[in-house]
Amino acid sequence: SKAKSAAQNVVNNEAQQKAAELAAEWQSTLERAIKSPDALAAVNVPKREPIIGNWFKQGDLGFICGERGSGKTWLGLFLARKCAEGASLPGLPEWNIQARRRVLYIDGEMPIDAIRERDGALAAGEAPGLFYLQHEALFHLTGKALNLADPLAQSAILERCKHDRIEIVLLDNQSCLFIGMNENDADAWDQVLPWLLEMRRNRIAVIFIVHAGRNGIMRGTSRREDSAFWIINLTEPKDPIENQHGARFVTRFVKNRNSTELECPALEWTFAKPPGELKARVSWKRLSVPQLFRQCIELGFSRATQIAEQMGITPGRVSQLAGKAVKEGWLEKNGRVYSLKPTNPIVEMIRKDLERDMPKTE
């Protein structure tokens, strides 16, 4: 009994000594880190370099969200390829690729053949810094499955990124890669946030690909948005057509800390890969704010608050757009509800022909 008591005292003393050492270490850390305004201004923290235009920078946390089948993976793979190739988009300076980057694309959903086919279809040059961690390949080669809700997996990915000098990580998608984590539980996000902050401190940008709900808004807890630098939402374009061999969608920023609305206009994208062709044809064109407003009306959004949330603008700005549309004769307003005014089919066809711009194509 005395021996056990003595051993326990030794353990307690060692624990107390360790706690005292950690407390002293923290005091030393705070002594070095707490600065006056003048001293803080002299701290030389390197500025974050831009990756795409001014809206995507080193260490950013970004989200690409859209409904199932909307084209999220096409866009994610396209951005991964362009960043790794260092190739900008012709006629779109807002999406200028500043330099070649090292990119890790982590796929948890797609069949491996589909990933290989799309990567080849989107390849336009050498991409020595592009790497894939694909779930089927992982299981085939190692017998393991990846779950990024596991702190051990998070730590392994971080260390691998540091070792391989990875600058951008794309996660496709949250539902498949974070098993057992309730996406609607705000507290569950705490399993992921410390890892993402550590990635940011190491200047590693992370892009989540996530599903949108039926309302078109990113599904799951809104706590994720607090730490996001930008969120890109994908919706159907005006006059949607069935596209079994590619994708067609509109992108718009619903959150953007790095740039303004004028610097990041809404874009309509087309990814076309007909059967038998090896390469995909990718095209894009800008959409003005009034065009985007009309698209929201045509998609069935009928109230200013709904449209404001979809467009990332204020309800007051929506009211201004609605007032102009009523004067132009294509919008009806019944109380707080907006709807399209019936039009002459021939006049509508002429209007569409006049507003159609020739897209920029690779």
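Summarised in this report is the structure supplied together with it. (Residues numbered from 1 in each chain as written. Predicted model: local features only at pLDDT ≥ 70, side-chain atom pairs only at ≥ 80, totals over all residues. Heavy atoms only, no water.)

Take the pairing of strand β5 (residues 130-134) next. Relative to β5, strand β4 (residues 103-107) runs parallel, the two sharing five bridges. The partner of Asp107 across the bridge, within β5, is Gln134. Regarding topology, helix α4 (residues 112-122) serves as the crossover connection from β4 to the parallel β5, and that connection is right-handed. (Pairing = 2+ DSSP bridges. Helix = DSSP H or I, 4+ residues; strand = E, 2+ residues; numbered from the N terminus. Right-handed = clockwise from strand over helix to strand, strands pointing away.)

Moving on: the environment of Arg116. If you trace the backbone, Arg116 turns up in helix α4. For the pair Arg116 and Phe271, spaced 155 residues apart in sequence, the C-alpha separation works out to 16 Å. Here Asp113 takes part through its side chain, which lies 2.7 Å from a polar atom of the side chain of Arg116. (Polar contact = N/O pair within 3.5 Å; in protein donor to acceptor, adjacent residues only side chain to side chain.)

Right, let's talk about the pattern of salt bridges for a bit. One pass over the full model with this rule turns up 17 salt bridges. Of the charged contacts in the structure, one is a salt bridge between Arg81 and Glu85, with a shortest N-O distance of 3.1 Å. Of this pair, Arg81 and Glu85 both sit in helix α3 (residues 72-85), four residues apart, roughly one helical turn. Judged by its relative accessible area of 10%, Arg81 falls in the buried class. A salt bridge links Asp164 to Arg160; the shortest N-O distance between them is 2.9 Å. Here Asp164 and its partner Arg160 are both found in helix α6 (residues 151-164), four residues apart, which amounts to about one turn of the helix. Among the charged side chains, a network of salt bridges with common partners joins Glu49, Arg101 and Glu167. (Salt bridge = Lys/Arg side-chain N within 4 Å of Asp/Glu carboxyl O. Buried < 20%, exposed > 50% of the residue type's maximum accessible area, 1.4 Å probe, protein only.)

Once that is clear, we can look at the nonpolar core. Within the largest apolar cluster, 45 residues are counted, with the highest numbers of intra-cluster contacts made by Ile52, Trp55, Phe56, Trp95, Trp230 and Trp269. Broken down by element, the residue count for this core peaks at eight residues, all from α3. The contacts of Ile52, once residues within four sequence positions are left out, are Leu79, Cys83, Glu94, Trp95, Asn96 and Ile97. By size, the runner-up hydrophobic cluster in this structure holds 30 residues, among which are Leu148, Phe178, Met181 and Val206. (Core = buried A, V, L, I, M, F, W, Y, C linked by side-chain atoms within 4.5 Å. Contact = heavy atoms within 4.5 Å.)

Running from N to C, helix α10 (residues 289-298) and helix α11 (residues 304-311) cross one another at 125°; their axes reach a closest spacing of 10 Å. Classified by the angle between their axes, α10 and α11 sit oblique to one another. α10 and α11 meet at a crossing whose hand is right-handed. Between α10, through Val289, Leu292, Phe293, Cys296 and Ile297, and α11, the contact on the second element is made entirely by Ile307, Gln310 and Met311. (Axes fitted to C-alpha atoms, helices over the stretch in contact; angles between N-to-C directions. Parallel < 35°, antiparallel > 145°, perpendicular 65-115°, else oblique. Left-handed = near helix turned anticlockwise from the far one by under 90°.)

Inspection of the entire model under this criterion finds 20 aromatic pairs. Centroid distance Trp74 to Phe271: 5.7 Å. Interplanar angle 35°. Geometry classified as tilted. On the criterion of sequence distance, the pair formed by Trp74 in helix α3 and Phe271 in strand β10 (residues 266-272) is long-range, its members being 197 residues apart. The class for Phe271 is buried, based on a relative accessible area of 0%. On the numbers, 5.7 Å between centres and 50° between planes, the contact of Tyr105 with Tyr132 is tilted. Taken as a pair, Tyr105 in strand β4 and Tyr132 in strand β5 lie far apart in primary sequence, 27 residues in all. Residue Tyr105 is classed as buried on the basis of its relative accessible area of 0%. Taken together, Trp55, Phe56, Trp74, Phe78, Trp95, Trp230, Phe249, Phe253, Trp269, Phe271 and Trp284 form an aromatic cluster joined through their ring pairs. (Phe/Tyr/Trp six-rings, centres within 6.5 Å; stacked < 30°, edge-to-face > 60°.)

A cluster of nonpolar side chains, namely Trp26, Leu30 and Ile34, defines an oily patch on the protein surface of about 360 Å² accessible area. Relative to the helices and strands, Leu30 is located in helix α1 (residues 2-33). Judged by its relative accessible area of 36%, Leu30 falls in the partly exposed class. (Patch = residues over 30% accessible without salt bridge, like charges linked within 9 Å, V, L, I, M, F, W, Y side chains within 5 Å. Areas by Shrake-Rupley, 256 points an atom, 1.4 Å probe, with all protein chains shown as cover.)

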